[in-house]
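# Descriptive structure summary
Chain residues, written in single-letter form:
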Amino acid sequence: MSDGWERRQERTRREVIDAAGVLIAESGVDGLTMRKLAERAGVAVATLYNQFGDRDGVLVAFVSSGLDQLENELDAQPDEGPIDTTRQLFEALDGSFAAEPEVWRPIFASLKSGSGGHGMGEVGDRVVAYIETDFAKAAADGRFEVEVEVAALARHVFNTRMNRLEKWANGAIDWTAYRSSSTLGLELILASVLCDPHRRDALRRSGVTG
């Protein structure tokens with residue numbers, strides 16, 4: 001009985017999250033209202049408030065669901081090793097954003113008014129924690145030239161990436177410029193703290209050196 005109820009709840013949650021993506025693609029974040037979402041998902045408005053709290057809760061659930069799927073996909077792939085794991089994470093995230101720009105641009109364009117760093121809140125904290133774990137492995141592996149506060153470095157890398165995403169979402173730069181500037185920013189940050197040969201590799205990836 002309990003398992004059946006939980007499965008129904010999860011199915012409803014999945015349907016609501018899918019419907020939210022459709023509405024955002026059609027009308028942007030402003031077009032995502034609880035009434036429209038309830039109609040599209042075929043549920044009562046009260047059900048949405050019970051499960052998600054409010055529209056911001058729906059957005060957090062939508063982004064978090066995408067991150068869940070991405071983490072599962074990354075877990076199924078071979079371990080890239082310290083530092084390359086962070087690069088792989090950003091490549092996978094960018095792949096998701098590029099696949100559905102009509103959904104992700106309005107979401108990132110709306111984040112400034114949200115809570116937490118860049119409006120990402122607990123979802124952003126999850127990404128930072130993923131990067132921090134990777135950097136801790138790099139530190140244990142002796143890859144840093146200097147003693148690094150991995151939590152601060154992970155947050156700096158995340159915030160730098162979010163700054164570029166925000167510019168893309170608001171039309172200040174196009175996707176190509178976002179990709180090239182994000183790669184440059186990440187690799188120069190890494191080059192500033194890594195020891196050779198990892199530093200040279202980061203500089204090569206940045207395009208600063210051949």
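This text goes with the structure placed above it.
This structure is a prediction, so every number in the text was calculated from the model and none was measured. Each chain has its residues counted from 1, running along the sequence as written. Only residues with pLDDT of at least 70 are given local features in this predicted model, and only at 80 or more are side-chain atom pairs given and counted; all residues enter the totals for whole chains, interfaces and linings. Note: side-chain values were computed over all heavy atoms of the structure, leaving out hydrogens and water.

What follows is about the pattern of salt bridges. Opposite charge on two side chains lets them pair, provided their charged atoms get close. Salt bridges are defined by distance alone: a side-chain nitrogen of Lys or Arg within 4 Å of a carboxyl oxygen of Asp or Glu. Under the defined criterion, the tally for this structure stands at 17 salt bridges. A salt bridge links Arg-126 to Asp-68, with the nearest nitrogen and oxygen atoms 2.8 Å apart. Here Arg-126 is found in helix α7 (residues 121-140), whereas its partner Asp-68 is found in helix α4 (residues 55-75), with 58 residues between them in sequence. Close ionic contact of Glu-187 with Arg-87 constitutes a salt bridge, the shortest N to O distance being 2.8 Å. Taken as a pair, Glu-187 in helix α9 (residues 175-191) and Arg-87 in helix α5 (residues 84-99) lie far apart in primary sequence, 100 residues in all. Taking relative accessible area as the criterion, Arg-87 reaches 9% and is therefore assigned buried. Numbered from the N terminus, helices here are DSSP runs of H or I no shorter than four residues, and strands are runs of E no shorter than two. Each residue gets one of three labels from its accessible area relative to the maximum for its type: buried under 20%, exposed over 50%, partly exposed in between, using a 1.4 Å probe on protein chains only.

Once that is clear, we can look at the environment of Trp-175. Among the secondary structure elements, Trp-175 is positioned in helix α9. Along the sequence, Trp-175 and Leu-165 sit 10 residues apart, while their C-alpha atoms lie 9.1 Å from each other. Leaving out residues up to four positions away in the same chain, Trp-175 has contacts with Asp-94, Phe-97, Ala-98 and Trp-168. Here a residue-residue contact requires only that any non-hydrogen atoms of the pair lie within 4.5 Å.

In this model α7 runs 28 Å from its N-terminal to its C-terminal C-alpha over 20 residues, within 8% of the 28 Å that 1.5 Å per residue would give. Every buried residue of α7 is listed here: Gly-121, Val-123, Gly-124, Val-127, Val-128, Ile-131, Asp-134, Phe-135 and Ala-138. Here the buried residues of α7 occupy an arc of 165° about the axis, which is enough to place them on one side. Among the exposed residues of α7, those pointing more than 90 degrees away from its buried face are Glu-122 and Ala-140. Once α7 finishes, Gly-142 follows within two positions and takes phi at roughly 75°, a positive value. Residue count minus one, scaled by 1.5 Å, sets the expected span of a helix. In this description, one arc is meant: the one made by directions from the helix axis to the C-beta atoms.

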